[in-house]
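Okay, here's what each chain looks like letter by letter:
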Amino acid sequence: MNPVILFDGDCNFCDSSVQFIINRDPKGIFQFASLQSEAGQELLKKHSVPADVDSMILIEDEKVYYKSAAALRICRHLQGAWKLLYALIIVPSPIRNFVYDVIAKNRYKWFGQKESCMLPPPSIRKRFL
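In this report, the structure presented in the accompanying data block is examined. (Residues numbered from 1 in each chain as written. Predicted model: local features only at pLDDT ≥ 70, side-chain atom pairs only at ≥ 80, totals over all residues. Heavy atoms only, no water.)

Observations concerning the overall build of the chain
Within the chain one finds five helices and four strands. For the chain, whose C-alpha radius of gyration is 14 Å, the value lies close to the compact-globule estimate of 14 Å for 129 residues. Considering only intrachain contacts with a sequence separation of at least 6, the fraction spanning at least 24 residues in the chain is 64%. Element-wise, carbon and sulfur atoms account for 59% of the exposed surface of the chain, whose accessible area totals about 7,700 Å². The chain carries 17 positive and 13 negative side-chain charges, and their two centres are separated by 7 Å. (Helix = DSSP H or I, 4+ residues; strand = E, 2+ residues; numbered from the N terminus. Rg over C-alpha atoms; globule rule 2.2 N^0.38 Å. Contact = heavy atoms within 4.5 Å. Areas by Shrake-Rupley, 256 points an atom, 1.4 Å probe, with all protein chains shown as cover. Lys, Arg positive; Asp, Glu negative; His and termini not counted. Charge placed at Lys NZ, Arg CZ, Asp CG, Glu CD.)

Structural data, given as structure tokens:
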């Protein structure tokens, strides 16, 4: 199974992040599901993700990664120099997650919120669960 990225479908920043990943993932490694979708909810339940987790989630090789660990593991698969960001995995997770949490906490205020999820074009739609 391809790695799956779960994201907040109501968040403009999260939607932009998904578009960013798609544009740098020409091999189509990643699949996507919004946290609010039926598929997203099933994956959360299957992998026993706590209900209070409100961050990007990566499910890769049946392991679940949260916050900065998810973001950095995603980067290592992206085309171009973005994969070099994975080197930041050596920074202790409390420090990495502090930065992640500041952005996550303010994402609606800084980037806004969507009324509905975007409808991807047919060529990309197959990557969404």
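So, the packing of aromatic side chains
Scanning the model with the defined rule gives three aromatic pairs in all. Between Phe20 and Trp82, the aromatic rings sit 4.8 Å apart at their centres with planes inclined by 85 degrees, giving edge-to-face as the arrangement. Taken together, the positions of Phe20 in helix α1 (residues 12–23) and Trp82 in the loop between α3 (67–75) and α4 (93–111) put the pair 62 residues apart, joining distant regions of the chain. Here Trp82 falls in the partly exposed class, since its relative accessible area comes to 36%. Pairwise contacts between aromatic rings join Phe7, Phe32 and Phe128 into one cluster. (Phe/Tyr/Trp six-rings, centres within 6.5 Å; stacked < 30°, edge-to-face > 60°. Buried < 20%, exposed > 50% of the residue type's maximum accessible area, 1.4 Å probe, protein only.)

A word on the pattern of salt bridges
This model, assessed by the stated rule, comprises five salt bridges. For Arg127, the salt bridge identified is with Asp25, shortest N-O distance 2.3 Å. Of the two residues, Arg127 sits in the segment after α5 (122–125) while Asp25 sits in the loop between α1 and β2 (31–34), which places them 102 residues apart along the sequence. On the accessibility criterion, Arg127 (10% relative accessible area) is buried. Residue Glu60 is joined to Arg76 by a salt bridge in which the shortest nitrogen-to-oxygen separation is 3.6 Å. (Salt bridge = Lys/Arg side-chain N within 4 Å of Asp/Glu carboxyl O.)

Quick word on the sheet that holds strand β3 (residues 57–60)
A sheet is described by the order of its strands in space; here four strands give the open sequence β2-β1-β3-β4, paired in mixed fashion. Of all the strands in the sheet, the pair left with one neighbour each is β2 and β4 (63–66). Within the sheet, the average angular offset between the axes of one strand and its neighbour, ignoring direction, is 20 degrees. Relative to β2, strand β1 (residues 4–7) is paired through four bridges, and the arrangement is parallel. By the bridge assignment, Phe7 is partnered in β2 with Ser34. Of the strands in this sheet, β1, β3 and β4 touch α3, which is tilted by about 105 degrees from β4. (Pairing = 2+ DSSP bridges. Axes fitted to C-alpha atoms, helices over the stretch in contact; angles between N-to-C directions.)

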